[in-house]
Amino acid sequence: MARSRAATGRRVSVRSGGETHILGIAYSDDVIEFLRRAGLNDPGLLLDDPAWVKWRGGRPHEWVAA
């Protein structure tokens, strides 16, 4: 996940089959819903697993501008 150019929120993207798909902007752990819609099972368990989620531009679960 990368920090958005906006003051708050983070862009959420998923890599699949060698392609990157932008799912939207997350403003809280509602990113779980993005991941669920992308077809991931138990996405809430994946947020803190670095093998699944790469947090960029801030710490995990940080949604406001630094």
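Relevant structure appears above.
Quick summary incoming for the structure in this document. (Residues numbered from 1 in each chain as written. Predicted model: local features only at pLDDT ≥ 70, side-chain atom pairs only at ≥ 80, totals over all residues. Heavy atoms only, no water.)

Regarding the environment of G58
Okay, so step 1: Looking at the element boundaries, G58 is found in the segment after α2 (43-46).
Okay, so step 2: On the basis of relative accessibility, which here comes to 27%, the residue G58 falls in the partly exposed class.
Okay, so step 3: Spatially, the C-alpha atoms of G58 and R10 are 9.3 Å apart, while their sequence positions differ by 48 residues. (Helix = DSSP H or I, 4+ residues; strand = E, 2+ residues; numbered from the N terminus. Buried < 20%, exposed > 50% of the residue type's maximum accessible area, 1.4 Å probe, protein only.)

Let's talk about the pattern of salt bridges
Okay, so step 1: Throughout the structure, instances matching the rule amount to two salt bridges.
Okay, so step 2: Residues R36 and E33 are paired through a salt bridge, measuring 2.5 Å at the closest nitrogen-oxygen approach. Of this pair, R36 and E33 both sit in helix α1 (residues 31-37), three residues apart, which is roughly one turn of that helix.
Okay, so step 3: Residue class for E33 comes out partly exposed when judged on its relative accessible area of 30%.
Okay, so step 4: The partner of R37 in a salt bridge is E33, with the nearest N and O atoms 2.9 Å apart. On the criterion of helical spacing, the pair formed by R37 and E33 is a turn pair, its members being four residues apart in helix α1.
Okay, so step 5: Take R37: its relative accessible area is 64%, and that puts it in the exposed class. (Salt bridge = Lys/Arg side-chain N within 4 Å of Asp/Glu carboxyl O.)

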